[in-house]
Amino acid sequence: KATVSVLNWPHRRVVHRVHQSSTMISNFMRGFGFAMRETAYHADRIGCMMMGTHTHKERVVSWKRLTPFQGRNPMVESTCFVAPNANIIGGVHVAHNSNVFYQTVIRGDIRDVHIAGTTTIQDRCVIRCTPASECTIGAHVTIEPCVTITGCSIADDVYIGAGSVIMEGARIESQSIIAPGSVVQKFAVVPSGELWAGCPAEKIRDLTDEEVASLRQSALHAAGLAEAHKDATEKSFYQEDEEVQVLEQWTRLEAQREPIRMPYGQFDAGPIGSGTHLNIPGQVMAGKKRVI
């Protein structure tokens, strides 16, 4: 026996009224909570004045992702992801699809910093220039967390391991890898296709064909992950809360659907978003089983 289910329309009206009531209660609780916090704040100030002590003042300082500095303005493409607590200061140019993750600081306060497309700079990195050297980072570069880069040149398709330090004037050529924790000294040159490691860093071996091919894939994978972070961080708290409420309401409505029996061959609109259904043979109709 096949049955087609739709939502009971009177019951839908009841559910809608319940949802309206819950929204009113939620708004009331938010307003009441705000009033209680304000009351406590002013009570604290009055208590401090009566005790003869200084009133505690707490300033709320908004975090600025992009900060102009002495006439130098950051230029970041709209397709880039910049984490809410990252700092890009001064003359920093970030090309399309590049990403700056959490607590990373990029300073172009003395000279410019140039970052090409599809490059990922992960968490807690520091990138800065010097009076003598700009900082240039090529395309499809993966920079792992806690890397310090100072006034150097990094070509395309480069992987820099976590905790590494690239010092002033160093040049890292394309398709090369810097192992985690390495220190590339001043004015050192890392040739293309080599793995360097150590403190100070030196050549370990040549890269295999598989490792060279993985450099571009690593950058593309990090860019895809950054896109998901961008979608998540650009939503406000109320948008996320609304999405959760809508999902919960839809789940409740689906659970409360009641099956009904329709004559053979008639269309049933079904619940919202479920499309149109056609009753199939073998369905019970007017108390009799229809057999085809």
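Residues numbered from 1 in each chain as written. Predicted model: local features only at pLDDT ≥ 70, side-chain atom pairs only at ≥ 80, totals over all residues. Heavy atoms only, no water.

A. Main features of the side chain of Asp109. Residue placement: Asp109 occurs in strand S7 (residues 105–115). Engagement of the side chain of Asp109 in a polar contact is seen with the side chain of Arg107, the distance being 3.0 Å. What Asp109 contacts, discounting residues up to four positions off in sequence, is Phe69, Arg72 and Ile89. (Helix = DSSP H or I, 4+ residues; strand = E, 2+ residues; numbered from the N terminus. Polar contact = N/O pair within 3.5 Å; in protein donor to acceptor, adjacent residues only side chain to side chain. Contact = heavy atoms within 4.5 Å.)

B. Inspection of the pairing of strand S21 (residues 201–206) at higher detail. With five bridges connecting them, strand S20 (residues 194–198) and S21 associate as antiparallel partners. Looking at the pairing, Glu194 lines up with Asp206 of S21. Between S20 and S21, which pair antiparallel one after the other, the connecting turn spans two residues. (Pairing = 2+ DSSP bridges.)

C. Layout of the packing of aromatic side chains. Under the counting rule described, the total for this entry stands at four aromatic pairs. Ring centres of Phe81 and Tyr102 lie 6.1 Å apart, and the angle between their planes is 65°; this geometry places the pair in the edge-to-face category. Linking Phe81 in strand S4 (residues 81–82) with Tyr102 in the loop between strand S6 (99–100) and S7, this pair joins segments that are 21 residues apart in sequence. Taken together, the ring pairs in this structure connect Phe81, Phe101 and Tyr102 into an aromatic cluster. (Phe/Tyr/Trp six-rings, centres within 6.5 Å; stacked < 30°, edge-to-face > 60°.)

The quantities given are spatial measurements derived from coordinates; they are silent on function.
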